[in-house]
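Listed below, chain by chain, are the residues.
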Amino acid sequence: MHIMLRSSLLWLSERQSVFSFVKSNGFARKFASRFVAGENLDTAIAATHEINAKDIPVSLDLLGESVANPTEAARARDATIAMLDRVRAEGLAANVSIKLTQMGLDIDEALAVRNTRAILDAARGIFVRIDMEASSYVERTLRLFYDELHPAYGDAVGVVIQTMLRRSAADVEELIRRKARVRLVKGAYKEPATIAFPGKKDVDAQYAAEAQRLLADGNYPAIATHDEQLIQHVIAYAKAKAIGPERFEFQMLYGIRRDLQEQLRGDGWNVRVYVPFGTEWYPYLMRRLAERPANIAFIVGSVVKEGVRRK
Ligand code: FDA
C-alpha cells in the first residue's frame, strides 16, 4: 500500500498541469508552508536568521527544476547570485544548493555549465552544492562535476550521492579518490529496480556502509538523513574511530525533525538545515509527501485545526 502511494505521489510530482491547479489553491499553499520557507528570498532569509540563532547553518535552495528555455535558466542563475549577495550582506551562516536542470541542463549542457560557473564565480568562498536529480541525470551530473566544476573550483563545490542507486558505492569511492565533497542521501526519485534497490533495507544498509567510507576517508561529508537509526550508527562509528565533529556534518530538511536537529547540535555535532523557497514548490512538496504519506494526514490535520481555531 505504502509503495503504491509513494509511486502515485512521485508520478504526480512530475505533472505540471496538476501543479497549476494546486498552486492557485490556498489550502495547498498552507500545506506547502510546513516544508518550504516562503515564496521569496525575504521569507527564506528570515527563516535563515531564525535557524542561525540556534547555531545551525543552512543551505538555501531556490526551488525550480528542468527549466524550459535559456531565459528561465538565466533568471534562476541571477536569483541564486542575488541570494549569495544577500547571505554575504547579512553575514548569514549559509551556503547554497542548486540543480543543473534549473541551470539549463535539459536545453544545452554548455549553457548549464556556463550558468553554474557564473554562480561559482559569484560565490567567492560560499560553498555551492549541486543537488542530485533523477537517475537520467546522474551520469551527466557526475561527468560535468568531474570534468568542468571540481577541477576548477575544488572544495568550493560539492555533489550528492543517492544510496538507493546500485552504482552509488563505486561513485563514493571515485569521489573519495578525487577528495571531493559529498552529501550522502537515500534518494528521492522513482527509479526502476534495474538500477536502484527496491527494498528500503538495502538502501539503508548501503547508506550505513557508504557513510562509513566517507567518514573514514572522505572530505567533510554531509550525512543528510532524518533516519535516527542511521544517525546513531554514524555517531557510534565516529566515536569508535575517533573521528571528531569537525570532520563531517549532519544535514536535514527544513521543517522535518526540528527536535532532532536541535538535539544533535546541542550534543556538539555540526548540523545544517536545507531551506527551500520560491514559487516552484510543487515537485519538492510531492517528494516530501511520498517519503512519508502520513504527512498528508498530519498537514491536513494541522490546517483544519488552525481553521477551526480562527473561526
Ligand atoms: P527515511 O525516508 O527512511 O526516513 C527516516 C525517518 O525520517 C522517517 O521515519 C521519519 O521519521 C523522518 N522523515 C523522513 N522524511 C520525512 C518527511 N518527508 N516528513 C517527515 N518526516 C520524515 N535527495 C535527492 O535525490 N537528491 C538530493 O540532492 C537531495 N538532497 C537532500 C538534502 C538534504 C539536506 C536532505 C536531508 C535530503 C536530501 N534529499 C535529496 C532527500 C533524500 O534523498 C531522502 O528522500 C529524504 O531525506 C528522506 O529520507 P531519510 O534519509 O530521511 O530516510
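That block above? That's the structure.
Below: a short report on this structure. (Residues numbered from 1 in each chain as written. Predicted model: local features only at pLDDT ≥ 70, side-chain atom pairs only at ≥ 80, totals over all residues. Heavy atoms only, no water.)

## Comments concerning the sheet that holds strand β7 (residues 249–253)
Hydrogen bonding along the main chain pairs the strands of a sheet, whether they run parallel or antiparallel. Read around the barrel, eight strands follow the order β1-β2-β3-β4-β5-β6-β7-β8 and close on themselves; strand pairing throughout is parallel. Direction aside, the axes of adjacent strands within the sheet are offset by 30° on average. Bridge count for strand β1 (residues 58–62) against strand β8 (residues 271–277) is five bridges, and the pairing is parallel. Note on β8: the bridge partner recorded for L60 is V275. Contacts from helix α6 (residues 109–123) reach β2 (94–98), β3 (128–130) and β4 (157–162) within the one sheet, and its direction differs from that of β3 by about 155°. The strands touched by helix α7 (residues 138–153) are β3 and β4; relative to β4, the strand with the most contacts, the crossing angle is about 155°. (Pairing = 2+ DSSP bridges. Helix = DSSP H or I, 4+ residues; strand = E, 2+ residues; numbered from the N terminus. Axes fitted to C-alpha atoms, helices over the stretch in contact; angles between N-to-C directions. Contact = heavy atoms within 4.5 Å.)

## Quick notes on the pairing of strand β5 (residues 181–185)
Of all the five residues making up β5, five are buried; the element is thus mostly covered by neighbouring parts of the structure. The alternating pattern of β5 places R181, R183 and V185 and V182 and L184 on opposite faces, both of which are buried. Considered for its hand, the β-α-β crossover made up of β4, helix α8 (residues 168–177) and β5 is right-handed. Looking at chain direction, β5 and strand β6 (residues 222–224) are connected through two bridges and run parallel. From the neighbouring strand, L184 faces β6, where its bridge partner is I223. Since β5 and β6 lie parallel, the crossover through helix α9 (residues 200–217) that links them has a hand, and here it is right-handed. (Buried < 20%, exposed > 50% of the residue type's maximum accessible area, 1.4 Å probe, protein only. Right-handed = clockwise from strand over helix to strand, strands pointing away.)

## Considerations on helix α4 (residues 41–52)
With twelve residues, α4 extends 16 Å between its outermost C-alpha atoms, agreeing within 8% with the 16 Å of an ideal straight helix rising 1.5 Å per residue. Inspection of α4 places L41, A44, I45, A47, T48, I51 and N52 among the buried residues, and these make up the whole buried set. One face of α4 carries all of its buried residues, which in axial projection span an arc of 160°. Residues of α4 that are buried in the fold lie against β1, α5 (70–89), β2 and β8. The N-cap residue of α4 is N40: its side-chain oxygen and the backbone nitrogen of D42 are 3.1 Å apart. (Expected span 1.5 Å × (residues − 1). Arc of directions from axis to C-beta. Polar contact = N/O pair within 3.5 Å; in protein donor to acceptor, adjacent residues only side chain to side chain.)

## Regarding the nonpolar core
Within the largest apolar cluster, 81 residues are counted, with the highest numbers of intra-cluster contacts made by L60, L175, F248, F250 and L264. Top element by residues in this core is α7. It accounts for seven residues. Residues F35, I256, Y274 and M286 belong to the second largest nonpolar core, which totals 17 residues. (Core = buried A, V, L, I, M, F, W, Y, C linked by side-chain atoms within 4.5 Å.)

## Here we look at the packing of aromatic side chains
The geometry of two aromatic rings is summed up by the distance between their centres and the angle between their planes. Evaluation of the coordinates by the stated rule reveals four aromatic pairs. Judged by centre distance (5.4 Å) and plane angle (85°), the ring pair of F248 and F250 falls under edge-to-face. A relative accessible area of 0% means that F250 is categorised as buried. Judged by centre distance (6.4 Å) and plane angle (80°), the ring pair of F250 and W269 falls under edge-to-face. On the criterion of sequence distance, the pair formed by F250 in strand β7 and W269 in the loop between α11 (258–266) and β8 is long-range, its members being 19 residues apart. Feature note: the residues F248, F250 and W269 constitute an aromatic cluster, connected by ring pairs. The ring of Y146 carries R178 above its face, with NZ or CZ at 3.9 Å from the centroid. Lying over the aromatic face of F127, R181 brings its terminal NZ or CZ to 3.8 Å of the ring centre. (Phe/Tyr/Trp six-rings, centres within 6.5 Å; stacked < 30°, edge-to-face > 60°. Lys NZ or Arg CZ within 6 Å of the ring centre and 35° of its normal.)

## Considerations on the pattern of salt bridges
Scanning all chains against the criterion turns up 23 salt bridges. R86 is the salt-bridge partner of E90, the closest N and O atoms lying 2.7 Å from each other. In this structure, the salt-bridge partner of E174 is R178, at a minimum N-O distance of 2.7 Å. Residue classification places R178 among the partly exposed positions, given a relative accessible area of 31%. (Salt bridge = Lys/Arg side-chain N within 4 Å of Asp/Glu carboxyl O.)

## Let's talk about the side chain of D227
With respect to the helices and strands, D227 occurs in the loop between β6 and α10 (228–240). Excluding its chain neighbours within four sequence positions, the residues that come into contact with D227 are K186, K200 and D204.

## Some points on α9
Over its 18 residues, α9 runs 26 Å from end to end, which matches the ideal 26 Å to within 8%, given 1.5 Å per residue. Of the residues making up α9, those classed as buried are V203, D204, Q206, Y207, A208, E210, A211, L214 and L215. Contact partners of the buried residues in α9: β4, α8, β5, β6 and α10.

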